[in-house]
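Listed below are the residues making up each chain.
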Amino acid sequence: MKLRTIEIICFLSLIVCVFISTLNFDNKCDDIRQNVLRLHVVANSDSKRDQQLKFTVRDELLKSGTFAVGASSNKQQAQAEIEKNLPSLQQKAQQKVYECGFGYDVKVETGKSYFPTRQYEDITLPAGYYDAVKVIIGDGKGQNWWCVMFPCLCLPAATKDSVKLSDVLNEEQMEIVRKKEKYEVRFWLIEKYYEIFKPEKATVS
């Protein structure tokens, strides 16, 4: 009986240690999140037509140049530039929806959105809440598409002179996003932490 009590105490102690370690790692990841601005395009539904419309609207916005934040030196500047362009973004997205023969309303807003762990070539961004520009088509109940606006990791606006992730993150943070294998278990634990304690999640596209 005494041995079993010791085993239970050891197990609970292990759980507590893992939980504390996950929180500490999440705090380090939060410093990464604070320097990144993301883009979130949400479809009206999961129907084939609505999903195709999502990509059509996305392509229209990307090629229009309204996401030109490459000249920004930090996330705050990029956010300010986007805020100025929100009416233009909404107008272009709405026009494209109408041109495609749909009557959905489009809403473009900024705020916090949850993103799961995501890999962009050799960069892995941890799960969590990021500042994002959210383009919501119609009811916004379909799968979504996301990208990284600042620094430009997957937008056409990125050039060789654009701010890179290494320009806004320190060495320790860059090690986290570059060495997925080393931190893979911790990335998984963070996702589970958000699923259990902060269950609002984005739908994976």
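Let me sum up the structure you'll find in this document. Keep in mind that this is a model prediction, so the values were computed, not measured.

About the criteria used
- Residues numbered from 1 in each chain as written.
- Predicted model: local features only at pLDDT ≥ 70, side-chain atom pairs only at ≥ 80, totals over all residues.
- Heavy atoms only, no water.
- Pairing = 2+ DSSP bridges.
- Helix = DSSP H or I, 4+ residues; strand = E, 2+ residues; numbered from the N terminus.
- Axes fitted to C-alpha atoms, helices over the stretch in contact; angles between N-to-C directions.
- Contact = heavy atoms within 4.5 Å.
- Core = buried A, V, L, I, M, F, W, Y, C linked by side-chain atoms within 4.5 Å.
- Buried < 20%, exposed > 50% of the residue type's maximum accessible area, 1.4 Å probe, protein only.
- Bend = angle between axes of the 7 residues up to and from the residue.
- Polar contact = N/O pair within 3.5 Å; in protein donor to acceptor, adjacent residues only side chain to side chain.
- Lys, Arg positive; Asp, Glu negative; His and termini not counted.
- Salt bridge = Lys/Arg side-chain N within 4 Å of Asp/Glu carboxyl O.
- Phe/Tyr/Trp six-rings, centres within 6.5 Å; stacked < 30°, edge-to-face > 60°.
- Lys NZ or Arg CZ within 6 Å of the ring centre and 35° of its normal.

Let's talk about the sheet that holds strand β2 (residues 106–115)
Here is step 1: Strand order in the open sheet formed by four strands is β2-β5-β1-β6, with mixed pairing between adjacent strands. Either end of the sheet is taken by a strand with one partner, and the two such strands are β2 and β6 (144–150). Adjacent strand axes in the sheet meet at a mean angle of 30 degrees when their direction is disregarded.
Here is step 2: Judged from the six bridges that link them, strand β1 (residues 37–42) and strand β5 (residues 128–137) form a sheet pairing that is parallel. Bridge pairing in β5 places L37 opposite D131.
Here is step 3: Packed on one face of the sheet, helix α3 (residues 75–99) meets β1, β2, β5 and β6 and runs near 130 degrees to β2.

Some words on the nonpolar core
Here is step 1: In terms of nonpolar packing, the biggest core is built from 49 residues, with L39, V57, L125, V135, L165 and V177 touching the most fellow members.
Here is step 2: Ignoring anything within four residues of it in the chain, the contact list for L165 reads V36, I123, P151, M174 and V177.

Overview of α3
Here is step 1: Along its length, α3 reaches its greatest deviation from straightness, about 55 degrees, at N85, and the proline P87 lies no more than four positions downstream.
Here is step 2: Buried within α3 are the following residues: K75, A78, I82, L86, L89, A93, Q94, K96 and V97.
Here is step 3: The backbone nitrogen of Q76 lies 3.1 Å from a side-chain oxygen of the residue at the head of α3, namely N74.

Examining the side chain of R38
Here is step 1: Considering the arrangement of structural elements, one finds R38 in strand β1.
Here is step 2: Salt bridges are absent for the buried R38, whose nearest opposite-charge side chain, E191, sits at 9.3 Å.
Here is step 3: For R38, the side chain forms a polar contact with the side chain of Y120, separated by 2.9 Å.

Quick look at the environment of Q95
Here is step 1: Within the secondary structure, Q95 sits in helix α3.
Here is step 2: With eleven residues separating them in the primary sequence, Q95 and V106 have C-alpha atoms 9.3 Å apart.

Describing the packing of aromatic side chains
Here is step 1: Scanning all chains against the criterion turns up seven aromatic pairs.
Here is step 2: Judged by centre distance (5.8 Å) and plane angle (85 degrees), the ring pair of F115 and Y130 falls under edge-to-face. Residue F115 is found in strand β2, and its partner Y130 is found in strand β5; the two are separated by 15 residues along the sequence. You'll find F115 and Y130 in the same group, each marked buried.
Here is step 3: A connected cluster of aromatic rings, assembled from ring pairs, spans Y114, Y129, Y193 and Y194.
Here is step 4: The positively charged end of R38 is found above the aromatic ring belonging to Y130, 4.5 Å away from the centroid.
Here is step 5: Seen from the ring of W145, R58 lies directly overhead, with NZ or CZ sitting 4.9 Å from the centre.

Things to note about unusual backbone geometry
Here is step 1: Backbone torsion omega between F150 and P151 reads -15 degrees, so that peptide bond is classified as cis.
Here is step 2: Assignment of secondary structure puts P151 in the loop between β6 and α4 (165–168).

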